[in-house]
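# Fold and contact review
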Amino acid sequence: MTDVSDGVLHTLFHSDQGGHEQVVLCQDRASGLKAVIALHSTALGPALGGTRFYPYATEGEAVADALNLARGMSYKNAMAGLDHGGGKAVIIGDPETAKTEELLLAYGRFVASLGGRYVTACDVGTYVADMDVVARECRWTTGRSPENGGAGDSSVLTAFGVYQGMRASAQHLWGDPSLRDRKVGVAGVGKVGHHLVDHLREEGAEVVITDVREDAVRRVLDRHPQGVTAAADTGALIRTEGLDVYAPCALGGALDDDSVSVLTATVVCGAANNQLAHPGVEKDLADRGILYAPDYVVNAGGVIQVADELHGFDFDRCRAKAAKIFDTTLAIFARAKSDGIPPAAAADRIAEQRMAEARASR
């Protein structure tokens, strides 16, 4: 880990994107583990966030990603009403070739060494089975299988939370939370997206889908032979005539200058993380009269689930908490209107206020 650049250190210590409490660089030569654990804030409680396994080009890129993701988790957990701060870990390497039981156990020992300041879970490149292995060395592990005392796949509640955010957007914009007869475009119908389509069709929405994987599209079309059609790609989807809602549920950066300029929908509400390609995009959305439901607010159902696992998982209790995303989203739109700012800025202000009050009460 020798090429952590001055730029990354400047981010950590000086920039608005920094302010992290602790960053741990982990290395286990025997297993080949190289990892970064970043704790942005523990003001509200132990930092909670997943472990990403990814083949970063440089160690500096890995550190920068961990810092950014950990900061995002602080805001997500605060807006979800959880008694958790924000943290994130990244393991450097290709999960298809570098992931071994020995490596995951070594990683678990590093997480355990933090004594509960950081609680980990699944993220890109890690799965329930991996968390079962990590948990053998670390009790501060969530996202485990039901057979090992966990809650299993969190995509069900993630989709349910996005659906609640979509209903709140409809209430705010059209005065009625119902999505019946609304046309909704879902980009990405993988783990979360296909569950979201189920909710939309159950309510009677017309759905247009796309995914880079043909088998994912076919699965949804076979499940819903009526009321669901497929677009050739995301570019075609966002240009669909009469689209009411666009739900990015795949990769981040879905909303950039080019896509916003041609988007036909009047609401954006989806499960993908970091949907805004750069800070100016939300103003572009507002200028076009497009309502944006902040991604880290509406996709919090998954983190609500993994946090509940620490207390003995109860699906009904989690679903009730995830249902509150409807009220939280409405509160953000109200704050945005009263402060004359975009919804994402309003969400940030609410989250920052909660964290500041927690720090002041210590």
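What comes next is a walk through the structure. Every value quoted in this text rests on a predicted model; they were computed, and no experiment measured them. (Residues numbered from 1 in each chain as written. Predicted model: local features only at pLDDT ≥ 70, side-chain atom pairs only at ≥ 80, totals over all residues. Heavy atoms only, no water.)

### What to know about the overall build of the chain
The secondary structure content of the chain amounts to 16 helices and 12 strands. In terms of overall dimensions, the chain is globule-like: its C-alpha atoms have a radius of gyration of 20 Å, near the 21 Å expected for 362 residues. Principal axes of the C-alpha set define a box for the chain whose edges measure 55 × 45 × 40 Å. Of all 362 residues assigned to the chain, the portion counted as buried reaches 54%. Taking contacts inside the chain between residues at least 6 apart in sequence as the whole, the part at least 24 apart equals 65%. Of the accessible surface of the chain, which amounts to about 15,600 Å², a share of 49% is contributed by carbon and sulfur atoms. One finds the centroid of the 35 positive side-chain charges in the chain at a distance of 4 Å from the centroid of its 48 negative side-chain charges. (Helix = DSSP H or I, 4+ residues; strand = E, 2+ residues; numbered from the N terminus. Rg over C-alpha atoms; globule rule 2.2 N^0.38 Å. Buried < 20%, exposed > 50% of the residue type's maximum accessible area, 1.4 Å probe, protein only. Contact = heavy atoms within 4.5 Å. Areas by Shrake-Rupley, 256 points an atom, 1.4 Å probe, with all protein chains shown as cover. Lys, Arg positive; Asp, Glu negative; His and termini not counted. Charge placed at Lys NZ, Arg CZ, Asp CG, Glu CD.)

### Observations concerning the side chain of aspartate 28
Looking at where aspartate 28 falls in the secondary structure, it is placed in strand β1 (residues 22-28). No salt bridge forms around the buried aspartate 28; measuring N to O, its nearest opposite-charge neighbour arginine 109 is 4.6 Å away. (Salt bridge = Lys/Arg side-chain N within 4 Å of Asp/Glu carboxyl O.)

### Here we look at the pattern of salt bridges
A full pass over the atoms with the stated rule returns 20 salt bridges. A salt bridge links lysine 99 to aspartate 130; its shortest N-O distance comes to 2.7 Å. One end of the pair, lysine 99, is in the loop between α3 (95-98) and α4 (101-112); the other, aspartate 130, is in helix α5 (residues 128-134), and 31 residues separate them in sequence. Lysine 99 sits in the partly exposed class, given a relative accessible area of 22%. You can call aspartate 130 buried: its relative accessible area is 8%. Here arginine 349 makes a salt bridge to aspartate 339, at a shortest N to O gap of 3.0 Å. Taken together, the residues span a long stretch of sequence, with arginine 349 in helix α16 (residues 343-360) and aspartate 339 in helix α15 (residues 325-339) at a distance of 10 residues.

### Considerations on α15
For α15, built from 15 residues, the straight-helix expectation of 21 Å at 1.5 Å per residue is met to within 8% by its first-to-last C-alpha distance of 21 Å. Within α15 the residues assigned to the buried category are Ile325, Phe326, Thr329, Ile332, Phe333 and Ala336. Along the axis of α15, the buried residues cluster in a sector spanning 130 degrees; they form a single face. Positive phi appears at glycine 340, one or two residues downstream of α15, with a value of about 65 degrees. (Expected span 1.5 Å × (residues − 1). Arc of directions from axis to C-beta.)

### Considerations on unusual backbone geometry
Note: most residues except glycine have negative phi, and most peptide bonds are trans. Phi at aspartate 181 takes a positive value of approximately 70 degrees, unusual for a residue other than glycine. Tracing the chain through its elements places aspartate 181 in the loop between α6 (155-174) and β7 (183-187). Unusually for a residue other than glycine, asparagine 274 sits at a positive phi of about 50 degrees. Relative to the helices and strands, asparagine 274 resides in the loop between β11 (267-268) and α11 (281-287). Relative accessible area serves as the criterion here: at 44%, asparagine 274 is assigned to the partly exposed category.

### With respect to the pairing of β7
Within β7, 5 of the 5 residues are buried, which leaves it mostly tucked inside the rest of the structure. Every second residue of β7 is oriented toward a common face, with Lys183, Gly185 and Ala187 on one face and Val184 and Val186 on the other, all of them buried. One ladder, built from 5 bridges, connects β7 with strand β8 (residues 206-210); its direction is parallel. Residue pairing across strands places alanine 187 opposite threonine 210, the latter belonging to β8. Chirality of the crossover, the property in question, places the unit of β7, helix α7 (residues 193-203) and β8 among those that are right-handed. Bridge analysis of β7 against strand β10 (residues 245-248) gives 4 bridges, and the strand direction is parallel. Within β10, the position partnered with valine 186 by the bridge is alanine 247. (Pairing = 2+ DSSP bridges. Right-handed = clockwise from strand over helix to strand, strands pointing away.)

### Observations regarding the packing of aromatic side chains
The geometry of an aromatic ring pair comes down to the distance between the two centres and the angle between the two planes. If you walk through the whole model with that rule in mind, you get 3 aromatic pairs. Ring geometry for tyrosine 54 versus tyrosine 56: centroids 5.0 Å apart, planes at 65 degrees, classification edge-to-face. What makes tyrosine 54 partly exposed here is its relative accessible area of 39%. An angle of 75 degrees between the planes, with centres 6.2 Å apart, marks the rings of tyrosine 75 and tyrosine 296 as edge-to-face. With a gap of 221 residues between them, tyrosine 75 in helix α2 (residues 59-79) and tyrosine 296 in helix α12 (residues 295-298) connect regions that are remote in the sequence. Stacked on the ring of tryptophan 174, the Lys or Arg arginine 182 has its end atom at 3.8 Å from the ring centre. Here the basic side chain of arginine 319 rests over the ring of phenylalanine 160, its NZ or CZ set 4.0 Å away from the ring centre. (Phe/Tyr/Trp six-rings, centres within 6.5 Å; stacked < 30°, edge-to-face > 60°. Lys NZ or Arg CZ within 6 Å of the ring centre and 35° of its normal.)

### A closer look at the pairing of β1
Sheet topology places β1 next to strand β2 (residues 33-41); 7 bridges connect them, and they run antiparallel. Bridging from a neighbouring strand, valine 24 pairs with isoleucine 37 of β2. Hairpin connection from β1 to β2: 4 residues lie between these consecutive antiparallel strands, with glycine 32 at a positive phi of about 85 degrees.

### Observations regarding α7
Most of α7 sits out of view: 9 of its 11 residues are buried. All buried positions along α7 are accounted for by Gly193, His194, His195, Leu196, Val197, Asp198, His199, Leu200 and Glu203. Of the residues trailing α7, glycine 204 is marked for its positive phi of about 100 degrees.

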